[in-house]
Amino acid sequence: MSAAGAAGMVLQVAATAAGAPLVVGGMRQVRARLEGRAGAGWAQPWRDLRKQLGKQRIDPAGTTVVFAAAPFLLAGTSLLIAAIVPAVTTASPLDPVGDLFAVVGLLLVGTVALTLAGIDTGTAFGGMGASREVTIAALVEPTVLVAGFALSVPVHSSNLGEIVAATVGDPGRVASPAAMLAFAALAVVVVAETGRLPVDNPATHLELTMVHEAMILEYTGPRLALIEWAAAVRLTVLLALLANLFVPWGVADAGSGTVGLLVGLLAVAGKVLVFAVVLAGVEVFLAKLRLFRVPELLAGSFLLGLLAVTTSYFLAAPG
Amino acid sequence: MGLFAAIRRVGRIAEPAPPRPESSAAPTLVRGSLQLRHVDAGSCNGCEIELGGCFSPVYDAERYGARLVASPRHADGLLVTGVVTRNMAQALRDTVEATPQPRVVIAVGDCARNCGEFAGGYGVLGPVSDVVAVDAEVPGCQPTPTEIIHVLRQVTGR
Amino acid sequence: MSGPVLAAVLAAVTVLACLAVLAAPSRALPSVAGAGAGVVGAVGVVYGVAAISGGLAPVSVGWLVPLAGLRLAADATSGLFMVVTGAVGVVVGIYTAGYAAHGHMGRTPLSVLPLFLACMLGVPLADSVTTFLFLWELMALSSLLLVLAEARRREVRDAGVWCAAMTHLGFVAVLVGLVVFAAAAGAEGFPELSASAASLSPATRSAVFLLTVAGFGSKAGLVPLHAWLPRAHPEAPGPVSALMSAAMVNLGIYGILRVDVTLLGPGPRWWGLALLAAGAVTAVYGVLQAAVATDLKRLLAYSTSENMGLICVALGTAMLLTASGIPAVAAVAMTAALVHLVGHAAFKSLGFLAAGAVAAATGLRDLDAFGGLAPRMPTTTAAFGIAALGASGLPLGCGFVGEWLLLQSLVHALPAGGTMVALVMPLTVGVVALTTGLGTAAMVKAFGVGFLARPRSAEAERASEVGRAMAVGMGLAALACGVLAVAPAVLAPALSRVLPELPAGAGTPQPRLGALLRLPGVGGSMSPALLALGVAAGVLLAFGATQWRARRRPAPRTAELWACGGGALTARMQYTATSFAEPLQRVFDGVLRPDVELAVTHYSQAPYLVAKVTYRSRLRDTVETSLYTPVIRAVAAAARIARRAHMGSIHAYLAYGAAGLIVALLVAR
Ligand code: SF4
């Protein structure tokens, strides 16, 4: 464990925690501008969070500790993921603690906590949202792991820091067909995991079309703030991960000094910004898919992942 | 890329913001961010159309921090339109009860303020203030988006 | 203690326990039965630990088993299975003391319980074909008696018939396989078989492999030989299903490990591939059925099938990699199989015990009628939650480490394994991932819809927490789950002795299961304990963050559910287990093939108004309906034809006898 790594980890957790709502605000702003509106400004999610934290908490009658604990578990796992992934630095001291599979598992733990909370309310919409969310999560899983497989084969490691570090050392890898296929597969995964269009519409008010929103309809005040913040953190971390897996330049490593860490921070912030703007821009052109069309999308991305693995093998070892 | 060309051609639709109005006496907590849940207590749907206009690209109420949400649990304010009919009175009370404190109730339109056009109707219980406490009112039948946004801005202070 | 002493103690304790249950006064029956099973289990644990430590002399008693005598020997592999079985036995024993007090199990099943446990402890000890088959059959028969504990109910009798038929078909396969093996090798002791396995012809070896894998696979619930499992496990009483699902199915894996991997192996690559394919099909099929099941115990039974599939995938991978010359990764796969086996025993026994507790408290098994158990049965709910976390293979749960190791072995096999491995491994990763995802869906459904929300039936409404003995039993199992989840290092000493005995682990560096799991030869590490700590720290941070502006907040209050303004919600408006799984059922329509009937009746005067909609959907086991039903029909038809010969006339029977004799003489000549 290096001091630079530890500092980088603290830096990236703090930056994600503070910056995630801004990413969401920025994406809303991009969407607003493309729709011809002026928009609420990129800091609006922080204003919303600040206000929600000062509001009253309402405990719906009949809910159990699961409902009360779920936001904290969701936020806790999201923070841990933010500490593990190579966003600012590849040398996070937690990197050996959790590899790609553990990170995917932690994401799923947060999702499961929220679905259980949705069921716990005992309302029809809570159960409906939970059922849909779990269905999507179950079908996303193969794609994530197969795409992760494609990325970890050339590096002989599934630890994210090592994968990113290896790509920095061998830039040609990014342009390989395997990496591109894996990128496409992972991009679909990020969209599905974070409930963006076309899998889920984050701005919908119609309960019957909801997935993520339906589970949190009963939350108020501080707990609601925590859930929205954690959702933003998950989106930001996944975007940062996607960015650094395929465009790793600038990321700090175990030997970086203060300047290196700052460069790493700026680099990842810039990359996330670009990815977020692109994602928001593409969303304007998309309509939400019917729920039963989503499996087709995910099956397609699974095939991309599978192709990525096989090409990575056949290109690496011809014959 | 027909849509892309349309976006380029149209550009910004939102009209320039009018000068900021005086802040109202609403709770200071909701300054800058006001999530709204709309309740139709018995309206003729004229007010709804104007509310829809408020959040359209032309008026863009979102730039002042107001936003429509799906659940009163998430909301700070209720937009109540129309007279309170007998069938909707309890629903209105429940919705206010479901909204966490601090909250504002905004009566939109003459019907909501004083029964307007429908005063004396057999199904009418009364204006909104007879059923729940009202914090702000938007006069007019129907009120224009500009008038509604004026009141919203008084609450959000933006 | 030496081998003979331990064996004698085990036998004596078993006999005493059975007799004690038979003789105990009715009032003391539950405690005596629980204590009996618990003590047998404890002896098993001690025996197993001694076996793992090594140096137990083989036992040979010439007069005990007909033909060849009883031969027992314990190596570390046997020891591991004995410890698992014994530990499950201890937990189940304690639990039974409370469960039997509800009057759910009569004296006969309770007296068979210690015998069943002892047989399961004995199977891994067997050191010759005869002894193995003898104990295997005794185990099968005693399990059958236990399944039939509530034989008054029709479903139980049905399950018993399935269980008996399939178990014996499996037994015949194992019997034929082992007899062929012994005949070809010219000996029946396991050491002699092992020595001469290499000299057998490939055809014989493959025949023995296929027969024994089929036989053992039917015990472990591999598709398509799983049909008895989702019938028998749900119908058995709670403690018995826990024993069957957490201990008995393991012995199917033990059989494969002992006979096919160790004695016969290392085999050609297609053996590994075959095992891997069987495991993969089982895993996906099992988890899919679990995801749409509405009967809690049936769901758990299918989940058992799924996990046995995953273990077979790991075993198959280990065999394949050994045959492909990648021993270091093969050792990882083998470790994955063993770790997952132990983890599965922990969470599945807990799951079945909790399901049994709910059944004892409410008489319910149908998840659609559950709900609202969390405030009424908090201990049971917590126990099931821990089991479900383990079963879904998520971090913080005790199924995660095994699945992580399995994934690592699949990923790192690729670079050196050749084209075959390159094509198989990604698909297998997909299968394992899909299994994890669907397993999570199944467990969210079981725990969420079953235990949270509001009660959907009067029985669930009236539920109350179970007694102390059952709670202690579940608590012990939950403790085991917790320890395995954060500190898999406790298995390290045992594994370090087991692995060198297996072809996959011999002579290679082993995975290190310390605080940080490290694998030989590959980068890739993970620490379940630190992950748990990290989540705890994250939760604390999140809690701290919500304290910002907390003093300005109005006091929290409790309010009725908003529920989108729908007014008073009734419990019928909730999502049930059926509705929860409906999207998955639609996505996997082609595999599950549900019978759906939808009838819409319109008003005769107004054809656009709907008077009534009826919807009925029924899910059956597709493999069962498409594979077994034709076979059963054919057998029944054959039996009907054969019945014509039975006309009840003594002359006819005499004629049959004479004809038979003549045929026999002709053949013998
Ligand atoms: S105020 Fe006018 S427009 Fe609004 S509901 Fe009443 S009648 Fe309709």
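Not measured: the values here are computed from a predicted model.

Here is what the cut-offs are and how they apply
One numbering rule holds for all chains: residues counted from 1, following each sequence as written. Chain letters and ligand numbers both follow the written order, the letters beginning at A and the numbers at 1. In view of the model being predicted, local features appear only for residues whose pLDDT reaches at least 70, and side-chain atom pairs are presented and counted only at 80 or more, with totals across whole chains, interfaces and linings using the full set of residues. Calculation of side-chain values draws on the structure's entire complement of heavy atoms; hydrogens and water are dropped beforehand. To qualify as a helix, a DSSP run of H or I must reach at least 4 residues; to qualify as a strand, a run of E must reach at least 2; elements of each kind are numbered from the N terminus. The atom set for the radius of gyration is the C-alpha atoms, and the globule formula is 2.2 Å times the number of residues raised to the power 0.38. Exposed residues in this analysis have more than 50% of their type's maximum accessible area, buried residues have under 20%, and partly exposed residues fall in between, with area computed by a 1.4 Å probe over protein chains only. In short, Shrake-Rupley with a 1.4 Å probe defines the accessible areas, and a residue's cover is counted only from the protein chains shown. Counted as positive: Lys and Arg. Counted as negative: Asp and Glu. His and the chain ends are not counted at all. The location of each charge is read from NZ of Lys, CZ of Arg, CG of Asp or CD of Glu. A pair of Phe, Tyr and Trp rings is counted when the ring centres sit within 6.5 Å of each other, with Trp represented by its six-membered ring. The angle between the planes then sorts it: under 30 degrees is stacked, over 60 is edge-to-face, the rest tilted. Whether two residues touch is decided by their heavy atoms; if any such pair falls within 4.5 Å, the residues are in contact. Two parts lose some accessible area (1.4 Å probe) when they are put together, and adding that loss for both gives the buried area. Any Lys or Arg side-chain nitrogen found within 4 Å of a carboxyl oxygen on Asp or Glu counts as a salt bridge. One requirement defines pairing of two strands: DSSP has to find at least two bridges between them. Domain start and stop positions are those given by an automatic or database domain assignment. Residues belong to a common nonpolar core when they are buried Ala, Val, Leu, Ile, Met, Phe, Trp, Tyr or Cys residues joined through side-chain atoms within 4.5 Å. The length a helix should cover is 1.5 Å for every residue beyond the first. Side-chain atoms alone can form a polar contact between residues adjacent in sequence; in general such a contact is a pair of N or O atoms within 3.5 Å, and within protein one must be able to donate a hydrogen while the other accepts it.

So, the overall build of chain C
Along chain C, the regular secondary structure elements total 25 helices and eight strands. At 26 Å, chain C has a C-alpha radius of gyration in line with the 26 Å of a compact globule built from 669 residues. Dimensions of chain C, computed from C-alpha atoms along their principal axes, come out at roughly 95 × 70 × 60 Å. The proportion of buried residues among the 669 residues of chain C is 57%. Carbon and sulfur atoms make up 67% of the accessible area of chain C, which amounts to about 24,900 Å² in all. Taken together, the 42 basic and 26 acidic charged side chains of chain C have centroids lying 4 Å from each other.

Details of the packing of aromatic side chains
All told, the structure shown has 19 aromatic pairs over all chains when counted by the stated rule. Arranged with centres 5.7 Å apart and planes meeting at 50°, the rings of F72 of chain A and F543 of chain C form a pair that is tilted. In this pair, F72 of chain A sits in helix 3 (residues 65-84) while F543 of chain C sits in helix 21 (residues 528-546), so the two residues belong to two different chains. Judged by relative accessible area, F72 of chain A falls into the buried class, the value being 16%. With centroids separated by 5.1 Å and ring planes inclined at 70°, the aromatic side chains of F81 of chain C and Y254 of chain C adopt a geometry described as edge-to-face.

Some thoughts on unusual backbone geometry
Going from L197 of chain A to P198 of chain A, the amide bond is cis rather than trans, its omega being 5°. Between V223 of chain C and the following residue, P224 of chain C, the backbone shows a cis peptide bond with an omega angle of 5°. At H156 of chain A, a position not held by glycine, the phi torsion is positive, near 60°. For H156 of chain A, the position within the fold is in the loop between helix 5 (124-155) and helix 6 (160-169). Non-glycine residue R549 of chain C carries a positive phi angle of around 65°. Topologically, R549 of chain C is positioned in the loop between helix 21 and strand 6 (557-559).

Topic: the interface of chain A and chain C
Contacts between the two partners involve 75 residues from chain A, matched on the other side by 82 residues from chain C. Summing the contributions of chain A and of chain C, the shared interface buries around 6,500 Å²; its carbon and sulfur component is 76%. Three residues stand out in chain A for area buried against chain C, namely V97, F149 and Y313 of chain A, and they jointly supply 9% of the buried area on that side. Where chain A packs against chain C, one counts zero salt bridges.

What to know about the sheet that holds strand 5 (residues 525-526) of chain C
Residue and element names in this part refer to chain C. Within the open sheet, the three strands sit side by side as 3-4-5. Their pairing is antiparallel. Each edge of the open sheet is held by one strand with a lone partner, namely strand 3 (512-513) and strand 5. Across two bridges, the pairing between strand 4 (residues 517-518) and strand 5 is antiparallel. Residue pairing for strand 5: L517 is matched across the bridge by M526.

So, the environment of V83 of chain C
Residues and elements named next belong to chain C. As for its position among the elements, V83 is in helix 3 (residues 76-99). Judged by relative accessible area, which is 22%, V83 ranks as partly exposed. In this structure, the C-alpha to C-alpha distance between V83 and V45, residues 38 residues apart in sequence, is 4.4 Å. When sequence neighbours within four positions are dropped, the list of residues in contact with V83 reads V45, G48, V49 and I52.

Things to note about the domain arrangement of chain C
Residue and element names in this part refer to chain C. For chain C, the assigned domains are domain 1 (1-199), domain 2 (266-537) and domain 3 (622-668). Distance from the C-alpha centre of domain 1 to the C-alpha centre of domain 2: 24 Å. Taken together, the 19 residues of domain 1 in the interface contact 22 residues of domain 2. Together domain 1 and domain 2 conceal approximately 1,800 Å² of surface at their shared face, both sides included; 78% is due to carbon and sulfur atoms. Looking only at domain 1, the three residues that lose the most surface to domain 2 are L80, V91 and Y95, adding up to 34% of its buried area. On inspection of domain 1 and its partner domain 2, the count reaches zero salt bridges.

Describing the nonpolar core
Ranked by size, the top nonpolar core spans 332 residues in total, and within it F132 and L405 of chain C carry the most contacts. Ranked by residues supplied to this core, first place goes to helix 13 (residues 327-362) of chain C with 22 residues. Counting the residues that make up this core, at least three belong to each of domain 1 (1-199) and domain 2 (266-537) of chain C. L34, L36, C54 and A61 of chain B belong to the second largest nonpolar core, which has 20 residues in total.

Examining helix 2 (residues 29-53) of chain C
With 25 residues, helix 2 of chain C should reach 36 Å at 1.5 Å per residue; the first-to-last C-alpha distance of 36 Å fits that figure. Following helix 2 of chain C by one or two positions, G54 of chain C has its phi on the positive side, about 95°.

A short note on the pattern of salt bridges
A full pass over the atoms with the stated rule returns 27 salt bridges over all chains. For E296 of chain A, the salt bridge is made with R293 of chain A, and the minimal N-O distance between the two is 3.8 Å. Note on E296 of chain A: relative accessible area 48%, which makes it partly exposed. We note a salt bridge from E155 of chain C to R153 of chain C, for which the minimum N-O separation is 3.4 Å. Several salt bridges converge on common partners, so that one network encompasses E150, R153, E155, E235, D295 and R365 of chain C.

A look at the environment of T194 of chain A
Residue and element names in this part refer to chain A. With respect to the helices, strands and loops of the structure, T194 is situated in the loop between helix 7 (177-193) and helix 8 (212-215). For the pair T194 and H212, spaced 18 residues apart in the sequence, the C-alpha separation amounts to 8.9 Å. Of note is the side chain of T194, whose polar atom sits 2.6 Å from the backbone oxygen of V190.

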